[in-house]
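Structural features, examined
Read off the chains here:
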Amino acid sequence: GEPLGLGNGITFPPNGSELKGCPETFSITFDEDRKVKYLSVGYVADRFEGNTNGAGAAVGIFNCIGLPFPSPGPLLKFAQWFGTEVANGGAHSYSTENVPSWWTNEDKASEGYL
């Protein structure tokens, strides 16, 4: 198999794991022009199904292949900030600096997740 590319030239070697994800829900918010403005994924509907230890989205994939992923808390918050603001290697949705004006919730990135 091919290694999993994690961005910035970082890879994770194949280990033969087979992903059996748990059922997930997601939501999409559209703008006035019917373009996607916000996509939210990874909300697990049944954490007892699959082999992701009850996690959804990328975290479920990481759990399945044995790639460590930080639990909610200071380490996750730092990893999200560093990946977005310093290394620029992750999703910009974790930014607490570039939040669109339509976002009205006070929590941003992993804040409020605990």
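Residues numbered from 1 in each chain as written. Predicted model: local features only at pLDDT ≥ 70, side-chain atom pairs only at ≥ 80, totals over all residues. Heavy atoms only, no water.

**Observations concerning the confidence of the model for the protein chain**
Definition in use: For every residue, the predictor reports its confidence as pLDDT, a number between 0 and 100. Numbered from the N terminus, helices here are DSSP runs of H or I no shorter than four residues, and strands are runs of E no shorter than two.
Of all residues in the protein chain, 86% attain a pLDDT of 70 or more, and the chain-wide mean is 81. The spread of mean pLDDT over the elements of the protein chain runs between helix α2 (residues 74–86), the lowest at 77, and strand β3 (residues 24–30), the highest at 92.

**Things to note about the environment of serine 71**
Inclusion rule: Remark: exposure states derive from per-residue accessible area (1.4 Å probe, protein chains only) relative to the maximum for the residue type, with buried under 20%, exposed over 50%, and partly exposed in between.
By the secondary structure assignment, serine 71 is in the loop between α1 (57–65) and α2. A relative accessible area of 56% places serine 71 in the exposed class. Between the C-alpha atom of serine 71 and that of valine 59, which follows or precedes it by 12 residues, the distance is 9.8 Å.

**Comments concerning α1**
Put simply, the test is: Here, residues are in contact when the closest pair of their heavy atoms is within 4.5 Å.
Regarding α1, the residues found buried are Gly60, Phe62, Cys64 and Ile65. Buried residues belonging to α1 abut β1 (4–7) and β2 (10–12).

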